[in-house]
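Residues per chain, in single letters:
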Amino acid sequence: MRKLLFESLFRLPFTELPPLPDDAALTELATAVGRAARRRLGRSLSIREIDAGSCNGCELEIHALNNAHYDVERFGLKFVASPRHADVLVVTGPVTRNMREALERTYHATPNPKWVVAVGDCGRDGGCFAGSYAVVGGVAEVVPVDLHIPGCPPTPTAMLQGLLALLERVDTGAVES
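Enquirer: What is the right way to read the pattern of salt bridges from this model?
Expert: Between side chains of opposite charge, pairing is possible as soon as their charged atoms come close. According to the stated counting rule, one finds five salt bridges in the structure shown. In this structure, Arg100 engages Glu104 in a salt bridge whose closest nitrogen and oxygen atoms are separated by 3.5 Å. Taken together, the residues Arg100 and Glu104, both in helix α4 (residues 100-109) and four residues apart, mark about one turn of the helix. Assessed through its relative accessible area of 32%, Arg100 is described here as partly exposed. Glu101 is the salt-bridge partner of Arg105, the closest N and O atoms lying 2.8 Å from each other. Taken as a pair, Arg105 and Glu101 lie in helix α4 at a separation of four residues, close to a single helical turn. With a relative accessible area of 58%, Arg105 lands in the exposed category.

Enquirer: I'm lost on the packing of aromatic side chains in this one. Help?
Expert: Within a pair of aromatic rings, the relevant descriptors are the distance that separates the centres and the angle that separates the planes. Counted by the stated rule, this structure contains zero aromatic pairs. The residue whose ring lies beneath Lys114 is Tyr107, and the NZ or CZ to ring-centre distance is 4.0 Å.

Enquirer: Honestly, α4 in this entry has me stumped. Any pointers?
Expert: Note: α-helices contain 3.6 residues per turn, so residues at a spacing of three or four share the same orientation. All of the buried residues along α4 are Leu103, Thr106, Tyr107 and Ala109. Seen end-on, α4 carries its buried residues on one side only, within an arc spanning 165°. Facing away from the buried side of α4, by more than 90 degrees, are the exposed residues Arg105 and His108. Against the buried residues of α4 lie β1 (45-51), β3 (88-92), β4 (95-96) and β5 (115-119).

About the criteria used
Residues numbered from 1 in each chain as written. Predicted model: local features only at pLDDT ≥ 70, side-chain atom pairs only at ≥ 80, totals over all residues. Heavy atoms only, no water. Salt bridge = Lys/Arg side-chain N within 4 Å of Asp/Glu carboxyl O. Helix = DSSP H or I, 4+ residues; strand = E, 2+ residues; numbered from the N terminus. Buried < 20%, exposed > 50% of the residue type's maximum accessible area, 1.4 Å probe, protein only. Phe/Tyr/Trp six-rings, centres within 6.5 Å; stacked < 30°, edge-to-face > 60°. Lys NZ or Arg CZ within 6 Å of the ring centre and 35° of its normal. Arc of directions from axis to C-beta. Contact = heavy atoms within 4.5 Å.

Okay, here's the thing in structure tokens:
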């Protein structure tokens, strides 16, 4: 124990570098998502996040969208507490047997037009949890998915790019609303 204590005093903490103070590309991307949402819906884009059984890696990146650096709410993207107020369901993790019915109910409670975004590799096919007795599979096994954002976990920027791609596909008619 004493050895660990002394080592921790001399070892630098394991942290990531902070984001650049002026990230114009990020601001431009978030502004484009906000504009596309207003063009398509006439208002802000409301997002309901659902954890269907993940390890919480994707949730941490989704929650980063609301931190002081990304602050997506200033661009018209807001996270809502009820599926009845949502336009987009963002689902993370493999769908576990215990969460299957909850995900189905949430999907049916969301008014049309609605879109489902599966976030992360686990949302696509179960990821490293695939084949477990407790896992049904990816999100598409339970509800129809309009967009998949790959990564383990995907970055907040990748999620913004995915939402923009979804809204642009909806505008061109490639995705049903």
